[in-house]
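# Close look at the chain arrangement
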Amino acid sequence: MTNKFKFVSSSFLALSLLLSACGQDEKKEESNTQTEENENKDQKEDKEETAAQSPSEEIAAMVESYNTGKDELAKAGEGQEVDYDMVMDLYKKDLQGLVKKRDGEFETSMDQQISTALEAGKSGDLDGSVVKQIFDKIMQEAFFFTMRHEFIEIKEYWGDKEEVNVELEEAKAFYAALEGTVQKRDSAYSTNMAEKIQAGFDEMETAVENDDELAFQLGKQVVDKSLMRTFYLAVGAEPHGYATKAAKEAKEDPEAARVEQAEGWAFFQSIKSYLEKYASEEAQLIETQLNLESDVTKLDPKAINEAFVSGFSKVALHEYEESQEYWGEDKSMITALEGALFIEILETDLKAKLGEDQYAELRKQAEDYIGAVEADDQEKAKELLSSIEKTLNSVIK
């Protein structure tokens, strides 16, 4: 076993960390070069203005503003008056700049979604509890994509240990805004995503110290993909996803159900672009079902769940195809691990569809495939892949 992979053992626990090692550096080029130059200039000025603060202190203040806005908006659910002007001022002063930067980098529309919701809440056109959920969950999306931004920066700065450590600390500080969501899903589904994320950060720190970029990428993906799983469990998993909750609530209180529908839709935005890339039909179905323009009384949580299962299964198959395409390169191992990750994301669903024994066999095949890639045994890998593909295709059908 090479030094690059020495933190991996054949144990199931170690594999669960490896399973999150997928290549997801989805940085998209700015179409407007001038905009990019302006943003770089803004970032430089921001750093100069806040030189007295450490990066984590600066981000902690930003997260505090997010929590303040969220708490103010939560008053709507308690029948109290909400100071929308205060929240809008706070958002524009402390958060909007960050959101707009991520919009430009990842081609999202988070600023428009948040700003429109706040304006609609102030005018009374949108229920305050719905506004709260949009602000809360879309800001979590912004923090999630900012973590990805920091990881991209680390890749660009690799070799400059001081700068890399600064970027890593920033990523960890932004994670503080998401940790509560992870812990809630762990509690609901008896998962251990918070533990895996901490292990991922620990692995990244060790990798930086050892100047091991590949090990860093593996640790990074533990964090990134555990968060993707968190958002999926919050939206479409059964029985605790917001799609299921909203459909159940709609039978007795459609207005309350719309709040849960909004939560599900807003959480989905964090993983929507990934599904759109590999499973566009499934992504469109989920978006249409959860969009607030849709009648919540007609929400079909089973269809949403099946779309997620089919979509992530397609993603897994795509990664295995790339693993074969890039055989002999590091990317073959990365995509092998990525395919296994998406199997792990669907653990509860696949156990229900396949049964405990067949799911265990699928996971064993995913583990053995990784071993075959590392051993450069392509014949064995193809044999295993044939069985993996057969099982995943049966799930999709």
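If you're wondering where the values come from, they're calculated on a predicted model, not measured in any experiment.

### Overview of the overall build of the protein chain
Tallying secondary structure elements over the protein chain gives 18 helices and 0 strands in all. Here the analysis covers contacts within the protein chain between residues at least 6 apart in sequence; of these, 72% occur between residues at least 24 apart. Of the roughly 17,900 Å² of accessible surface on the protein chain, 44% is carried by carbon and sulfur atoms.

### Brief notes about the pattern of salt bridges
Under the counting rule described, the total for this entry stands at 22 salt bridges. A salt bridge links K93 to D94, with the shortest nitrogen-to-oxygen separation between them at 3.3 Å. According to the relative accessible area criterion, D94 is partly exposed, its value standing at 26%. A salt bridge links K132 to D136, with the shortest nitrogen-to-oxygen separation between them at 3.7 Å. Residue K132 and its partner D136 are both found in helix 6 (residues 128–157); the two are separated by 4 residues, about one turn of the helix. Taken as a pair, K132 and D136 share a single burial class, namely buried. Here the salt bridges share partners, and the residues they tie into one network are K132, D136, K137 and E263.

### A closer look at helix 15 (residues 330–345)
With 16 residues, helix 15 should reach 22 Å at 1.5 Å per residue; the first-to-last C-alpha distance of 23 Å fits that figure. Most of helix 15 sits inside the fold, with 14 of its 16 residues counted as buried.

### Considering the environment of K225
Position of K225 relative to the elements: it lies in helix 10 (residues 213–235). You can call K225 buried: its relative accessible area is 0%. Sequence separation between K225 and I197 is 28 residues, and the spatial gap between their C-alpha atoms is 9.1 Å.

### What about the side chain of S323?
Within the secondary structure, S323 sits in helix 14 (residues 301–325). Within the local environment of S323, its side chain forms a polar contact with the side chain of Y369, the two groups lying 3.0 Å apart. Those residues within four positions of S323 in sequence are excluded, and the remaining contacts are S332, T335, A336, Y369 and V373.

### Let's talk about the layout of surface pockets
One number sums up the size of the second largest pocket: a volume of about 310 Å³. Lining the second largest pocket are 14 residues, with Q113, I134, W265, N291 and L292 sitting closest to its centre. Those elements that provide at least two residues to the lining of the second largest pocket are helix 5 (110–123) and helix 12 (254–278). Residues of the lining of the second largest pocket, tallied by class, amount to 5 nonpolar, 6 polar and 3 charged.

### Notes on the nonpolar core
Counting residues in each nonpolar core, the largest one holds 119 residues, and the members touching the most others are M139, F143, L227, Y232, F308, F312 and Y369. Non-local contacts of F312, meaning those with residues more than four positions away in its chain, are made with M228, Y232, I271, L275, F342, I345 and L346.

### Concerning the packing of helix 12 against helix 14
At a closest axis distance of 9 Å, the pairing of helix 12 and helix 14 adopts a crossing angle of 55°. Considering the angle they form, helix 12 stands oblique to helix 14. Where helix 12 crosses over helix 14, the handedness of that crossing is left-handed. Here F268, I271, Y274, L275 and Y278 of helix 12 lie close against helix 14, whose contacting residues are F308, G311, F312, K314, V315, H318 and E319. For the contact of helix 12 with helix 14, a count of residues per class yields 8 nonpolar, 2 polar and 2 charged.

### Remarks on a negative patch on the surface
Taken together, the side chains of D127, E252, D253 and E255 make up a negatively charged region of the molecular surface. Owing to a relative accessible area of 42%, D127 belongs among the partly exposed residues under this scheme.

### Here's the deal with helix 4 (residues 84–106)
Between its first and last C-alpha atoms helix 4 spans 28 Å; for 23 residues at 1.5 Å apiece the expected length is 33 Å, and the helix comes up short by more than 12%. At L95, helix 4 shows its maximal bend, which comes to roughly 60°. Two residues or fewer after helix 4 comes E107, characterised by a positive phi angle close to 55°.

### Focus: the packing of aromatic side chains
With the rule as written, the count across this model stands at 19 aromatic pairs. Look at F144 and F231: their rings are 5.2 Å apart centre to centre, the planes differ by 70°, and that puts the pair in the edge-to-face class. Separated by 87 residues along the polypeptide, F144 in helix 6 and F231 in helix 10 bring together distant segments of the chain. The structure contains a cluster of three or more aromatic residues connected by ring pairs, namely Y232, F268, Y274, Y278, F308, F312 and F342.

About the thresholds
- Residues numbered from 1 in each chain as written.
- Predicted model: local features only at pLDDT ≥ 70, side-chain atom pairs only at ≥ 80, totals over all residues.
- Heavy atoms only, no water.
- Helix = DSSP H or I, 4+ residues; strand = E, 2+ residues; numbered from the N terminus.
- Contact = heavy atoms within 4.5 Å.
- Areas by Shrake-Rupley, 256 points an atom, 1.4 Å probe, with all protein chains shown as cover.
- Salt bridge = Lys/Arg side-chain N within 4 Å of Asp/Glu carboxyl O.
- Buried < 20%, exposed > 50% of the residue type's maximum accessible area, 1.4 Å probe, protein only.
- Expected span 1.5 Å × (residues − 1).
- Polar contact = N/O pair within 3.5 Å; in protein donor to acceptor, adjacent residues only side chain to side chain.
- 1 Å grid on protein atoms, 1.4 Å probe; cavity = no way out; pocket = protein on both sides within 12 Å on 5 of 7 lines; lining within 4 Å.
- Points joined across faces, edges and corners; volume = space filled by probe spheres on them.
- Nonpolar A, V, L, I, M, F, W, Y, C, P; charged D, E, K, R; others polar.
- Core = buried A, V, L, I, M, F, W, Y, C linked by side-chain atoms within 4.5 Å.
- Axes fitted to C-alpha atoms, helices over the stretch in contact; angles between N-to-C directions.
- Parallel < 35°, antiparallel > 145°, perpendicular 65-115°, else oblique.
- Left-handed = near helix turned anticlockwise from the far one by under 90°.
- Patch = residues over 30% accessible without salt bridge, like charges linked within 9 Å, V, L, I, M, F, W, Y side chains within 5 Å.
- Lys, Arg positive; Asp, Glu negative; His and termini not counted.
- Charge placed at Lys NZ, Arg CZ, Asp CG, Glu CD.
- Bend = angle between axes of the 7 residues up to and from the residue.
- Phe/Tyr/Trp six-rings, centres within 6.5 Å; stacked < 30°, edge-to-face > 60°.

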